[in-house]
Amino acid sequence: MFILVAGFATTDIWRFLGVYLGGKLSEDSDLLVLVRTMATALVAAVIGNLVVFPGGALAHTSLGLRIAAAALGFVSYLVSGKRMVVGIATAEFLLLAGLYLNF
Amino acid sequence: MERRCAAFGAVASYGRTCYGRHMSTWISDAKAPRSTWFLRGVRAAFSLPGLILISSFIGFAALAKDAGVTVAQAAFMTGTVWALPSMVVLVGAIASGAALPAAMFAVTLSAIRLMPMVMALAPEMRAGKTRQCVLYLLAHFVAVTSWVLAMERLKRVPPQMRTTYYAGLGGALVTTNVIVVTAVYAVADALPYAVSAALLMLTPMYFLTSLWGSARERAGHVAMVLGLVLGPVFHIVLPQIDLLVAGLIGGTVAYGLQLRRRKVRAA
C-alpha cells in the first residue's frame, strides 16, 4: 500500500501530465529547465549517498576505494566518448581489484 | 483498430474495449504485420542499453534486500514504479522509516524528470488515429532506458506501428526486470562478499553515466555535480530530508547560474 501511494501514484502522475502537456508546453521553457535541474540534483544526491554511505557488503569497503573507483569509472566514460559500458566496467574492475589487494 | 488493441492486450490485460471503426486506415502499410513490429520492439529491449539496465536491476535487488524490503515488495515496485531513481529513493525512505508524506514528496521530486521525457516522446508516437488512452497506458513504460531506445529507433518505425513497437519494447523491459529482481533476490545471500559489493556498485555507476548523458543543457551537469556533493553533506546535517534539500538547493543554484550566464551573454 505504501509502495502504491508513495511510489506508483507519485511517478505515474508525471508520466500522465507529460502526455497531457505533450506539445502544449515548450521543452525549453524556463519552468521546465528549473524542474529538470532540481530533479537532476536530487538523483545526483542519491548517487552521492550510495557511494559515500552504502549498505550491505559495500559498506565494508573503504570510502577512498569507492570514490576512486566511481571517479575513475566516470572519467573513462567521458574519455571513451560517453560509453556507459566502459565507465561501469572500469569502476567495477577497480573496485574488485582494490578489494583483492585489500585496500 | 481491433488488432492494435489485441496486440497491446498481449503484453498486459488492461481490460479495455476497442471498437473496430477504422479497420482499413492502417492496413494500407502492409509491409510487415503488427505482430512483427511488436516483436521487433521486444528484440530492441535486449540491446546493449537493455542489458545495462538489467545489470542495474540486479544491483537494485541486492540493494532492496539489504534495506529489508521483501521480495514481493521489490518485484511489485519494479512493475508499478518502473523508474530506478524513484525506486532507490523509495527503498531509502522505507529503510529509514520515513513518514508517508516525506517519502511521497521525495519520490515525486525524483520522478518529475519523467514528465519532459514523456512530453518529448508522445508526439513521436501519435499517428493520425492513435487513441489518447493508448498513449496514457504506454507512458507508464517511460523511464531512461526505454526512452533513449525509443527516441533513437522510433524514427525508423512506420508511424502507425510506433505504439505497438513501444508496447513490445516497454513491456519486455518491465517483464524481464521483474523476473531479474525476483531471481537475484532469491540468490543474493549465497553470493560471495566481493560479488555483492560489486553488485551494489552497479546502481550508482549506471545512474552516474546515464544521468550525465541525458542532461540536456549545461545547467544539468552543474546540478549533477552539486547534487553529488550536497547529498552526502545533507545526509550528515539533515538525515531525514537530505535528498529533498540537496535537490531543491542544487537545482535552484544550477538554474540561477544558467540564468546569470544567459544575462551576461545577452548584455
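Residues numbered from 1 in each chain as written. Chains lettered and ligands numbered in written order. Predicted model: local features only at pLDDT ≥ 70, side-chain atom pairs only at ≥ 80, totals over all residues.

## Observations regarding the overall build of chain A
Thought 1: Each helix and strand in chain A was counted, giving 4 helices and 0 strands.
Thought 2: Listed by position from the N terminus, the elements making up chain A come as α-α-α-α.
Thought 3: In summary, chain A has a C-alpha radius of gyration of 19 Å against a globular reference of 13 Å for 103 residues, an excess of more than 25%. (Helix = DSSP H or I, 4+ residues; strand = E, 2+ residues; numbered from the N terminus. Rg over C-alpha atoms; globule rule 2.2 N^0.38 Å.)

## A look at the UniProt feature "transmembrane region" (unreviewed entry) in chain A
Residues and elements named next belong to chain A.
Thought 1: In the UniProt entry, the feature "transmembrane region" (unreviewed entry) is given for residues 31-51, 63-79 and 85-102.
Thought 2: When the span residues 31-51 is considered, its composition is 100% helix and 0% strand, and the gap between its end C-alpha atoms is 31 Å.
Thought 3: Helix makes up 100% of residues 63-79 and strand makes up 0%, while its end C-alpha atoms are separated by 24 Å. (UniProt positions renumbered as here; feature names shortened; annotations may be inferred.)

## Brief notes about the interface of chain A and chain B
Thought 1: Residue-level contacts link 63 residues of chain A with 84 residues of chain B.
Thought 2: Contributions of two or more residues to the side of chain A that touches chain B are made by α1 (2-21), α2 (30-52), α3 (63-79) and α4 (84-100) of chain A.
Thought 3: If you tally residues by element for the side of chain A that touches chain B, the top one is α2(A), at 21 residues.
Thought 4: Across the side of chain A that touches chain B, the residue classes break down as 42 nonpolar, 15 polar and 6 charged. (Contact = placed C-beta atoms within 7 Å. Nonpolar A, V, L, I, M, F, W, Y, C, P; charged D, E, K, R; others polar.)

## Considering the nonpolar core
Thought 1: Grouped together as the largest cluster of nonpolar side chains are 117 residues, with contacts concentrated most on A:Ala41, A:Leu42, A:Val46, B:Ala61, B:Leu90, B:Val118 and B:Leu169.
Thought 2: Leave out the neighbours within four places in its chain, and A:Leu42 touches B:Leu109, B:Ser110, B:Gly227, B:Leu243, B:Ala246 and B:Gly247. (Core = buried A, V, L, I, M, F, W, Y, C linked by C-beta atoms within 7 Å. Buried ≥ 20, exposed ≤ 12 C-beta atoms within 10 Å, placed from the backbone.)

## Focus on the packing of α3(A) against α4(A)
All names here are of chain A.
Thought 1: As a packed pair, α3 and α4 sit with axes 7 Å apart at the nearest point and diverge in direction by 155°. Judged by the angle between their axes, α3 and α4 are roughly antiparallel. Seen from above, α3 lies across α4 with right-handed handedness. Contact residues: α3 offers Leu-65, Ala-68, Ala-69, Ala-70, Leu-72, Gly-73, Phe-74, Ser-76 and Tyr-77, while α4 offers Met-84, Val-86, Gly-87, Ile-88, Thr-90, Ala-91, Leu-94, Leu-95 and Gly-98. (Axes fitted to C-alpha atoms, helices over the stretch in contact; angles between N-to-C directions. Parallel < 35°, antiparallel > 145°, perpendicular 65-115°, else oblique. Left-handed = near helix turned anticlockwise from the far one by under 90°.)

## Some points on the confidence of the model for chain A
Where the model shows low pLDDT, its predicted coordinates should not be examined in detail.
Thought 1: When pLDDT is averaged along chain A, the result is 84, and 90% of the positions lie at 70 or above.
Thought 2: Averaged pLDDT values over the elements of chain A bottom out at 78 in α1(A) and peak at 95 in α3(A). (pLDDT = per-residue confidence, 0-100.)

## Topic: unusual backbone geometry
Excluding glycine, residues mostly have negative phi values, and the peptide bonds linking residues are mostly trans.
Thought 1: Non-glycine residue A:Lys82 carries a positive phi angle of around 55°.
Thought 2: Note on A:Lys82: 13 C-beta atoms within 10 Å, which makes it partly exposed.
Thought 3: One non-glycine residue, B:Trp82, lies in positive phi territory at about 50°.
Thought 4: Locating B:Trp82 in the fold gives a position in the loop between α4 (71-80) and α5 (84-95).

## With respect to the environment of B:Val69
All names here are of chain B.
Thought 1: Mapped onto the elements of the fold, Val-69 is located in the loop between α3 (48-66) and α4.
Thought 2: On the basis of neighbour count, Val-69 is assigned to the buried category, with 22 C-beta atoms found within 10 Å.
Thought 3: It is 9.9 Å that separates the C-alpha atoms of Val-69 and Gly-92, two residues lying 23 residues apart in sequence.
Thought 4: In this view, Val-69 contacts Ala-64, Ala-74, Val-91 and Ile-94; residues no more than four positions away in its chain are not counted.

## Some words on the confidence of the model for chain B
All names here are of chain B.
Thought 1: For chain B, per-residue confidence averages 80 on the pLDDT scale, and 89% of positions sit at 70 or higher.
Thought 2: Note on residues 1-28: pLDDT is under 50 here. Beyond four places in sequence and across chains, it has 29 contacts.
Thought 3: Here the predicted complex carries an ipTM of 0.85, next to a pTM of 0.72.

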